[in-house]
Amino acid sequence: MLEDDCVPEKLSILVPFTDSSASRRALEVALRMARSEKQYEIYTMYVVEVDRRLALDVELPAETALGEQCLAEAEQLVRNVDLRCTGALLQARDVGHAVVDEAVTRGVDIVVLGIPEREFAGPVLDIGRTTEYVLR
């Protein structure tokens, strides 16, 4: 057996990131996982959701600036714990579809999503449209 056969492959975690506290908590969870193993790579992504009435490649300067700011924050948080981070700013019609497509394209091992804190009212827990789509 070669020595390289004993070295585990790099595993990857995709964390969709926004300016929400739920996204920060999701990134914290991903970082705890990654620090414990030291073999994870972190991918962050921000999705600008484009209204169907507009062209998909329309310039949306305010939304793009917010996305760049969020990715910079996420990358700094990852680098603070000495891990590698790659970020992507995407425009898509639907955030859930973009997350799944990015996970497949990158071949990630884990997707960590933050869900907003909500009041539990009734027999059904509302986890949000994006999280529900990604889980399905």
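Above this text is the structure in question.
Residues numbered from 1 in each chain as written. Predicted model: local features only at pLDDT ≥ 70, side-chain atom pairs only at ≥ 80, totals over all residues. Heavy atoms only, no water.

Looking at the overall build of the protein chain
Right, on to step 1. Helices and strands together make up the secondary structure of the protein chain, namely four helices and four strands.
Right, on to step 2. Order of helices (α) and strands (β) in the protein chain, N terminus to C terminus: β-α-β-α-β-α-β-α.
Right, on to step 3. When each of the 136 residues of the protein chain is scored for burial, the buried share is 36%.
Right, on to step 4. Pairs at least 24 apart in sequence give 73% of the contacts found in the protein chain among residues at least 6 apart.
Right, on to step 5. Looking at the protein chain as shown, the accessible area adds up to about 8700 Å², and 51% of this sits on carbon and sulfur atoms. (Helix = DSSP H or I, 4+ residues; strand = E, 2+ residues; numbered from the N terminus. Buried < 20%, exposed > 50% of the residue type's maximum accessible area, 1.4 Å probe, protein only. Contact = heavy atoms within 4.5 Å. Areas by Shrake-Rupley, 256 points an atom, 1.4 Å probe, with all protein chains shown as cover.)

Thoughts on the pairing of strand 1 (residues 11-16)
Right, on to step 1. Within strand 1, five of the six residues are buried, which leaves it mostly tucked inside the rest of the structure.
Right, on to step 2. As judged from the six bridges shared by strand 1 and strand 2 (residues 40-49), these two strands associate in the parallel manner. Across the sheet, the residue bridging to leucine 11 is tyrosine 40, located in strand 2.
Right, on to step 3. Judged from the two bridges that link them, strand 1 and strand 4 (residues 110-111) form a sheet pairing that is parallel. Opposite leucine 14, over in strand 4, you have valine 111 as the bridge partner. (Pairing = 2+ DSSP bridges.)

In short, shape yes, function no, at least from these values alone.
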